[in-house]
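# Residue-level structure breakdown
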Amino acid sequence: MSLPEYEIYAIRYATRNAKRADHFIGGDPHDAPMPMDYFTWVVRNKDRIVAVDTGFTAEVAAPRKRTFLRCPVETMAKLGVTPEQVEDVVITHMHYDHVGNFHKFPRARFHLQEKEMHFCCGHYVRYPRFGHSMEVEDVVGMVRLNYKGRVEMHLGDAEVAPGITLHFTGGHTAGLQVVRVHTRRGWVVLASDAAHYYEHIRSNRLFVAAFHLGDMIDAYRKVEKLADSPDHIIPGHDPLVMRQYPPASPELEGVIVRLDETPRAVA
Ligand SMILES: [Zn+2]
């Protein structure tokens, strides 16, 4: 039997203004803007819907001064998807912008790396360098879900379903994982925060929020190996994603793009 193919959608739910120097360890000589977009992803075919990350809420956006555009979970309705239909949610890592809204999926099992749970419950998060990007209510919420038997804690690479696999990288956080999806254009990798922008992975420069720098570099090579080509790698926060991929439908321009289509060249 051949491997199933999936559609992949990126939902842009928030944004913020920033400068180049904000995004690179060691800063950047160019004093130019480099805005950041926030995404969640939906992977689906006729048999299955898998959500990848769940974004943050308007309540969390306000104190962190993020521009909240739309609830990522409600926006799934534009794809005809309700949260009740989602049986599997992949959490790439426990940062606030990837795991908020988890409580809006009443039936789902949550897939994350056990190392990430250790990390967000362990001694490092007492230091703002590591704890600042976590919301304690998200962490406690995931602990509660685990006691209800709804968390699959993976010890390294794992399969969610045929054609959808999880790959541990660490680096940005201690237990970050990326998602590899089989599509009609081949293997696409949702790199999440293993590569915030294309520029990080292409120039081997490192994002400022880091747990282990060596593991971050190794994650670039791992992501490249997993993807069929550099055009099959989807960075976690790059506004270019919205320009390179076609909208899911004309009225969803700037809101939802389709990642199983071939990207167009953007100047
Ligand atoms: Zn992150």
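Structure's up top.
Here is a short report on the structure shown in this document.

About the thresholds
Residues numbered from 1 in each chain as written. Predicted model: local features only at pLDDT ≥ 70, side-chain atom pairs only at ≥ 80, totals over all residues. Heavy atoms only, no water. Helix = DSSP H or I, 4+ residues; strand = E, 2+ residues; numbered from the N terminus. Rg over C-alpha atoms; globule rule 2.2 N^0.38 Å. Buried < 20%, exposed > 50% of the residue type's maximum accessible area, 1.4 Å probe, protein only. Contact = heavy atoms within 4.5 Å. Areas by Shrake-Rupley, 256 points an atom, 1.4 Å probe, with all protein chains shown as cover. Lys, Arg positive; Asp, Glu negative; His and termini not counted. Charge placed at Lys NZ, Arg CZ, Asp CG, Glu CD. Donors = N, O, S within 2.8 Å, 3.2 Å for Na, K, Ca; no water. Tetrahedral: all angles 85-135°; square planar, octahedral: opposite > 155°, others 65-115°. Salt bridge = Lys/Arg side-chain N within 4 Å of Asp/Glu carboxyl O. Core = buried A, V, L, I, M, F, W, Y, C linked by side-chain atoms within 4.5 Å. Axes fitted to C-alpha atoms, helices over the stretch in contact; angles between N-to-C directions. Parallel < 35°, antiparallel > 145°, perpendicular 65-115°, else oblique. Left-handed = near helix turned anticlockwise from the far one by under 90°. Nonpolar A, V, L, I, M, F, W, Y, C, P; charged D, E, K, R; others polar. Polar contact = N/O pair within 3.5 Å; in protein donor to acceptor, adjacent residues only side chain to side chain. Phe/Tyr/Trp six-rings, centres within 6.5 Å; stacked < 30°, edge-to-face > 60°. Pairing = 2+ DSSP bridges.

### Digging into the overall build of the protein
Within the protein one finds 9 helices and 13 strands. Relative to a compact globule of 267 residues, whose C-alpha radius of gyration would be 18 Å, the protein shows 17 Å and is just as compact. If one aligns the C-alpha atoms of the protein with their principal axes, the spans along those axes are about 50 × 45 × 35 Å. A total of 267 residues make up the protein; the buried ones form 58% of that total. Here the analysis covers contacts within the protein between residues at least 6 apart in sequence; of these, 66% occur between residues at least 24 apart. As displayed, the protein has an accessible area near 11,700 Å², and 53% of this comes from carbon and sulfur atoms. Averaged over its 32 positive side-chain charges, the protein has a centre that lies 2 Å from the centre of its 34 negative ones.

### Focus: the coordination of the zinc ion
Those donors, His93 (NE2), His95 (ND1), His172 (NE2) and Asp193 (OD), are the protein atoms that reach the zinc ion, and they lie 2.1 to 2.2 Å from it. Coordination at the zinc ion is irregular, judged from the 4 donor atoms that bind it and the angles of 88 to 174° they form at the metal. Each donor residue of the zinc ion lies on the same chain, and together they follow the pattern H-x1-H-x76-H-x20-D. For histidine 93, a relative accessible area of 0% corresponds to the buried category.

### A look at the pattern of salt bridges
Enumeration according to the criterion identifies 18 salt bridges in this entry. A salt bridge links arginine 205 to aspartate 28, with the shortest nitrogen-to-oxygen separation between them at 3.1 Å. Of the two residues, arginine 205 is situated in the loop between α7 (198-203) and α8 (213-226) and aspartate 28 in the loop between β1 (7-16) and β2 (36-45); the sequence distance between them amounts to 177 residues. A salt bridge links glutamate 135 to arginine 64; the shortest N-O distance between them is 3.0 Å. Of this pair, glutamate 135 sits in the loop between α5 (128-131) and α6 (136-147) while arginine 64 sits in the loop between α1 (58-61) and β4 (67-68); the two residues are 71 residues apart in sequence, bridging distant segments of the chain. Glutamate 135 sits in the partly exposed class, given a relative accessible area of 22%. For arginine 64, a relative accessible area of 13% puts it in the buried group.

### A word on unusual backbone geometry
With a phi close to 60°, lysine 65 is a non-glycine residue in the positive phi region. Tracing the backbone shows lysine 65 in the loop between α1 and β4. Exposure remark for lysine 65: the relative accessible area of 69% places this residue in the exposed category. With a phi angle near 45°, serine 192 is a residue other than glycine that sits in the positive phi range. Mapped onto the secondary structure, serine 192 falls in strand β11 (residues 186-192).

### Remarks on the nonpolar core
Of all hydrophobic cores here, the largest spans 33 residues; its most connected members are Phe105, Phe110 and Met142. Elements that contribute at least two residues to this core include exactly β1, β3 (48-52), β6 (109-113), α4 (114-121) and α6. Other than its neighbours up to four places away in sequence, phenylalanine 105 contacts Ala51, Thr54, Val73, Met76, Pro83, Val86, Val89, Phe110 and Arg150. Ranked by size, the runner-up nonpolar core spans 29 residues in total, among them Met34, Phe56, Val178 and Val223.

### Here's the deal with the packing of α4 against α6
Across the interface, α4 lies against α6 with an axial gap of 10 Å and an inter-helix angle of 130°. It follows from the interaxial angle that α4 and α6 lie oblique. In the crossing of α4 with α6, the sense of the turn from one axis to the other is left-handed. In this structure, α4 uses Met117, Cys120 and Cys121 to contact α6, whose residues at the interface are Val139, Met142 and Val143. Considered class by class, the residues forming the contact of α4 with α6 number 6 nonpolar, no polar and no charged.

### Regarding the side chain of arginine 12
With respect to the secondary-structure elements, arginine 12 resides in strand β1. Reaching out from arginine 12, the side chain makes a polar contact with the side chain of aspartate 37 at a distance of 2.9 Å. When neighbours within four sequence positions are excluded, arginine 12 is seen to be in contact with Asp37, Tyr38, Phe39, Leu69, Arg70, Met242, Gly254 and Val255.

### Observations concerning the packing of aromatic side chains
Applying the stated criterion across every chain yields a total of 12 aromatic pairs. Three or more aromatic residues joined by ring pairs make a cluster, and in this case those are Tyr13, Tyr38, Phe56, Phe68 and Tyr96.

### Considerations on the pairing of strand β9 (residues 164-168)
The buried fraction of β9 amounts to 4 of the 5 residues, a majority that puts the element mostly inside the structure. From the end of strand β8 (residues 158-161) to the start of β9, which pair antiparallel, there are 2 residues, and glycine 163 there has a positive phi angle of about 90°. In this sheet, strand β10 (residues 177-183) lies alongside β9 in antiparallel orientation, the contact comprising 5 bridges. Bridge pairing in β10 links phenylalanine 168 to glutamine 177.

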